[in-house]
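Tertiary structure, described
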Amino acid sequence: MCTFQNPTGRTLSLDRRQKVAELGSKYDAVILEDDPYRDIRYSGSDLLRIKAFDETGHTLLANSFSKIFSPGSRLGYVLASHEVMSRLFNAKTATNSHSSTIPQVICSKLK
């Protein structure tokens, strides 16, 4: 968690975010950026995500609608390369057929 880490509330600096992305590329390692609290900033400036510095596809961004929409909705998303998304799709399909439809429809109406 690079933004408002739980439980400390600390936020990773822009410089460190860039270095984390560079480490993923340098060592051919996957970086999972879990950023569910990003959209509940009440003051200060937004910082670029680690994913913004990723030039090789090593960073996966996971986020959630549960912090800004509804805690019980259990809706989230991932931004990743086509290859990774294909594998995640297969894993999701193997574990359950789909997420609850009603929260997805309601969330889709948010602007």
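To start, this report covers the structure provided alongside it. (Residues numbered from 1 in each chain as written. Predicted model: local features only at pLDDT ≥ 70, side-chain atom pairs only at ≥ 80, totals over all residues. Heavy atoms only, no water.)

Before going further, it helps to spend a moment on the overall build of the protein chain. Helix and strand counts for the protein chain come out as 3 helices and 3 strands. Based on the C-alpha atoms only, the size of the protein chain along its principal axes is roughly 40 × 35 × 25 Å. Long-range pairs, those at least 24 residues apart, make up 60% of the contacts in the protein chain with a sequence separation of at least 6. Within the structure as shown, the protein chain displays about 7800 Å² of accessible surface, and the carbon and sulfur contribution to it stands at 56%. Charged side chains in the protein chain number 15 positive and 11 negative. The centres of these two groups are separated by 7 Å. (Helix = DSSP H or I, 4+ residues; strand = E, 2+ residues; numbered from the N terminus. Contact = heavy atoms within 4.5 Å. Areas by Shrake-Rupley, 256 points an atom, 1.4 Å probe, with all protein chains shown as cover. Lys, Arg positive; Asp, Glu negative; His and termini not counted. Charge placed at Lys NZ, Arg CZ, Asp CG, Glu CD.)

Pairing is mixed in the open sheet, where 3 strands are placed in the order E1-E2-E3. With one partner strand each, in any of the chains shown, strand E1 (31–34) and strand E3 (76–79) form the two edges of the open sheet. Taking each pair of neighbouring strands and ignoring which way they run, the sheet shows an average axis angle of 20°. The pairing of E1 with strand E2 (residues 59–64) spans 4 bridges and is classified as parallel. (Pairing = 2+ DSSP bridges. Axes fitted to C-alpha atoms, helices over the stretch in contact; angles between N-to-C directions.)

This next bit is on the layout of surface pockets. Each pocket or cavity is described by its volume, and for the largest pocket that value is around 570 Å³. Lining the largest pocket are 21 residues; nearest its centre among them are Gly76, Tyr77, Val78, Lys92 and Ser99. Those elements that place two or more of their residues in the lining of the largest pocket are E2, E3, helix H2 (82–95) and helix H3 (101–108). Examining the composition of the lining of the largest pocket, we find that 6 residues originate from one element, H2, more than from any other. (1 Å grid on protein atoms, 1.4 Å probe; cavity = no way out; pocket = protein on both sides within 12 Å on 5 of 7 lines; lining within 4 Å. Points joined across faces, edges and corners; volume = space filled by probe spheres on them.)

Applying the stated criterion across every chain, the model contains 1 aromatic pair. Between Phe65 and Tyr77, the ring centres sit 5.4 Å apart and the planes meet at 45°, which makes this aromatic pair tilted. Here Tyr77 lies in strand E3 and Phe65 lies in the loop between E2 and E3, a separation of 12 residues in the sequence. Relative accessible area serves as the criterion here: at 29%, Tyr77 is assigned to the partly exposed category. (Phe/Tyr/Trp six-rings, centres within 6.5 Å; stacked < 30°, edge-to-face > 60°. Buried < 20%, exposed > 50% of the residue type's maximum accessible area, 1.4 Å probe, protein only.)

Structurally, the position occupied by Asp28 is in the loop between helix H1 (14–26) and E1. Judged by its relative accessible area of 61%, Asp28 falls in the exposed class. Through-space distance from the C-alpha of Asp28 to that of Thr56 is 9.0 Å; in sequence the pair is 28 residues apart. A polar side-chain atom of Asp28 sits 2.7 Å from a polar atom in the side chain of His58. (Polar contact = N/O pair within 3.5 Å; in protein donor to acceptor, adjacent residues only side chain to side chain.)

Just geometry here; none of it tells us what the structure is for.
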